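Single-letter residue listing:
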Amino acid sequence: MDNEKQYLFDNPKNIQRVLYLLYACCTLLVILDFVIHRHVYHSWENLPIFYPIYGFVGCVILVLIASWMRTFLMRPEGYYDEPEANDNNHSTPTSDADATSGHATDVKKDIGDRNVDA
């Protein structure tokens, strides 16, 4: 186990450093929000920390919409699994002689999936 490759975020100190860097960037941006003059179009853009609040609310709305969309986009757990052997839509020949005998009624060829929800 000593020969395992060590990745950057395997060390907890590196994770802590990245979090401190993120906190420092956020703090700097909030401070700059009070210092930098902005050319605003609407009066509410003059509110302190308007843009961080606007971004947070936007992300929350995206998560709520995505969770709502999950209700009708979600597929059953076994949706992408292989079809079962007893499936009536797909039959396979039992030997090469059956496949090459020329009897088209005996052999169904699997050309794509006919049960597509598109």
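Residues numbered from 1 in each chain as written. Predicted model: local features only at pLDDT ≥ 70, side-chain atom pairs only at ≥ 80, totals over all residues. Heavy atoms only, no water.

Student: Can you help me understand the overall build of the chain in this one?
Tutor: The secondary structure content of the chain amounts to three helices and zero strands. Starting at the N terminus and walking to the C terminus, you meet the elements of the chain as α-α-α. The buried share of the chain, taken over its 118 residues, is 4%. Accessible area of the chain: about 11500 Å², with a carbon and sulfur share of 62%. (Helix = DSSP H or I, 4+ residues; strand = E, 2+ residues; numbered from the N terminus. Buried < 20%, exposed > 50% of the residue type's maximum accessible area, 1.4 Å probe, protein only. Areas by Shrake-Rupley, 256 points an atom, 1.4 Å probe, with all protein chains shown as cover.)

Student: In this structure, what is going on with the packing of aromatic side chains? I would like to understand it.
Tutor: For any pair of aromatic rings, the description rests on two quantities: the centre-to-centre distance and the angle between the ring planes. A complete count under the given rule lists four aromatic pairs for this structure. Ring geometry for Phe50 versus Tyr51: centroids 5.0 Å apart, planes at 75°, classification edge-to-face. For the pair Trp68 and Phe72, a centre-to-centre distance of 5.2 Å together with 75° between the ring planes defines the contact as edge-to-face. A residue pair is termed a helical-turn pair when its members lie 3 or 4 positions apart in one helix, as Trp68 and Phe72 do in helix α2 (residues 50-73) at four residues. Given the relative accessible area of 47%, Phe72 is considered partly exposed. Through a chain of ring-to-ring contacts, three or more aromatic side chains come together here, namely Phe50, Tyr51 and Tyr54. For the cation-ring pair, Arg75 lies above Tyr79, with the distance from its terminal atom to the ring centre recorded as 5.1 Å. (Phe/Tyr/Trp six-rings, centres within 6.5 Å; stacked < 30°, edge-to-face > 60°. Lys NZ or Arg CZ within 6 Å of the ring centre and 35° of its normal.)

Student: Help me understand the side chain of Asn14 in this model?
Tutor: Along the chain, Asn14 turns up in helix α1 (residues 12-35). Within the structure, the side chain of Asn14 is placed 2.7 Å from the backbone oxygen of Leu8, a separation counted as a polar contact. At 3.0 Å, the side chain of Asn14 and the side chain of Arg17 are in polar contact. (Polar contact = N/O pair within 3.5 Å; in protein donor to acceptor, adjacent residues only side chain to side chain.)

Student: Got a minute to help me understand the UniProt feature "transmembrane region" (unreviewed entry) in the chain in this structure?
Tutor: Mapped onto this numbering, the UniProt entry annotates "transmembrane region" (unreviewed entry) at residues 20-37 and 49-69. As annotated, residues 20-37 has a helix share of 89% and a strand share of 0%, and its two end C-alpha atoms lie 27 Å apart. Across residues 49-69 one finds 95% helix and 0% strand; the C-alpha atoms that close the span lie 31 Å apart. (UniProt positions renumbered as here; feature names shortened; annotations may be inferred.)

Student: Even after reading the chapter, I still don't get the pattern of salt bridges, so can you show me in this structure?
Tutor: Should their charged atoms come close, side chains of opposite charge can pair. Enumeration over the complete set of coordinates arrives at one salt bridge. A salt bridge links Arg38 to Asp33; its shortest N-O distance comes to 3.4 Å. Overall, the relative accessible area of 24% leaves Arg38 in the partly exposed class. The class of Asp33 is buried, set by a relative accessible area of 15%. (Salt bridge = Lys/Arg side-chain N within 4 Å of Asp/Glu carboxyl O.)

Student: Whenever I open this one, the side chain of Asp33 confuses me. Can you help?
Tutor: Structurally, Asp33 can be placed in helix α1. Setting aside anything within four residues of it in sequence, one finds Asp33 in contact with Arg38, Pro48, Ile49 and Phe50. (Contact = heavy atoms within 4.5 Å.)

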